[in-house]
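# Inside the fold
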Amino acid sequence: MDENKEINELENEAVAGATESEENEGGKKKKSLGREILEWCEAIVVAVLVALVIRSFVFTVVRVDGSSMDHTLANNDRLIVWRLGYEPKQGDIVIFEPNIPENQGKSLLDRIYWVKRVIAVGGQHVEIDYSTNSVYVDGVKLDEPYLPENMNPPADTSTIRSIDIPEGQIFLMGDNRNNSRDSRYIGPVDEDDVVGTAVLRFWPFTSFGGVD
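Source: prediction; values computed, not measured.

### A look at the pattern of salt bridges
Under the defined criterion, the tally for this structure stands at seven salt bridges. A salt bridge links D92 to K89, with the shortest nitrogen-to-oxygen separation between them at 3.5 Å. A relative accessible area of 17% places D92 in the buried class. Two residues, E102 and R181, come together in a salt bridge whose shortest N-O distance is 3.1 Å. Within this pair, whereas E102 is found in the loop between β3 (93–96) and β4 (114–121), its partner R181 is found in the loop between β9 (169–173) and α2 (183–186), the two being separated by 79 residues in sequence.

### Regarding the pairing of strand β5 (residues 125–129)
Of the two faces of β5, the one lined by V126 and I128 is fully buried and the one lined by H125, E127 and D129 carries no buried residue. When β5 meets strand β8 (residues 162–164), the two strands line up antiparallel, connected through three bridges. By the bridge assignment for β8, V126 is matched with I163. Where β5 meets strand β6 (residues 134–137), four bridges bridge the pair, whose relative direction is antiparallel. The partner of D129 across the bridge, within β6, is S134. What sits between the antiparallel neighbours β5 and β6 is a turn of four residues, in which N133 has the positive phi angle 55°.

### Observations regarding the packing of aromatic side chains
All chains considered together, the criterion is met by two aromatic pairs. Measuring from centroid to centroid gives 6.0 Å for F96 and W114, while their planes differ by 85°, and the two rings are edge-to-face. Taken together, the residues F96 in strand β3 and W114 in strand β4 connect sequence positions 18 residues apart. In this structure, F96 and W114 share a single accessibility class: buried. Taken together, a centroid distance of 4.9 Å and an interplanar angle of 80° make the contact between W203 and F205 edge-to-face. Judged by its relative accessible area of 39%, W203 falls in the partly exposed class. We note K116 situated over the ring of W114; from NZ or CZ to the ring centre the distance is 5.3 Å. Positioned above the aromatic ring of Y146 is the side chain of R117, whose terminal nitrogen or guanidinium carbon lies 3.7 Å from the ring centre.

### As for the side chain of R201
Structurally, the position occupied by R201 is in strand β11 (residues 194–203). Accessibility expressed as a relative area gives 13% for R201, which makes it buried. For R201, the side chain forms a polar contact with the side chain of D77, separated by 2.7 Å. Residues within four places of R201 in sequence aside, it is in contact with T72, L73, A74, D77, R78, L79, S207, F208, G209 and V211.

Cut-off values and rules
- Residues numbered from 1 in each chain as written.
- Predicted model: local features only at pLDDT ≥ 70, side-chain atom pairs only at ≥ 80, totals over all residues.
- Heavy atoms only, no water.
- Salt bridge = Lys/Arg side-chain N within 4 Å of Asp/Glu carboxyl O.
- Buried < 20%, exposed > 50% of the residue type's maximum accessible area, 1.4 Å probe, protein only.
- Helix = DSSP H or I, 4+ residues; strand = E, 2+ residues; numbered from the N terminus.
- Pairing = 2+ DSSP bridges.
- Phe/Tyr/Trp six-rings, centres within 6.5 Å; stacked < 30°, edge-to-face > 60°.
- Lys NZ or Arg CZ within 6 Å of the ring centre and 35° of its normal.
- Polar contact = N/O pair within 3.5 Å; in protein donor to acceptor, adjacent residues only side chain to side chain.
- Contact = heavy atoms within 4.5 Å.

No statement about biological role is implied by the geometric values presented.
Structure representation (structure tokens):
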């Protein structure tokens, strides 16, 4: 009788141990699944933060809207714009936020950005001669093979034709001079309003390459 009792007790302990083991294994599985989901969430958050930092400080992607840079850039071209440590230089193609009425009171996502070419930087003098289709910076005529056609004098006689560029500002013009609203109309642009410089066109693929 005692032997049967001892056997039953051993069997009960074995059953109890197996049940406890199953419960522990199930708990580990639940814990493992929960931890995996948490790790995925953390990875996604980190990836989003890294992408935002890169977009805000390193480079960003923009789409050209309009024809003011024909034939250097075309409508709907996609560009990589370099931001990190960029300082405007004469000849660069830049993206900037113009100080125009359309941008007043708009959120960052709704503001208009323009793409133009740097003609002169702070401390330089710009002279525009429509009669000879020439732009002079500090008395030196610019070599501008990218212009699609000769410049026509703007109908608005108040547009800038001669100006000294203040320090911390730049003078910008579109390559399509006859269809470009630029510094001739809005004046020099603060360097702080420049997003960055266009370094690569990746769309359309047939025009893939550097931008100059």
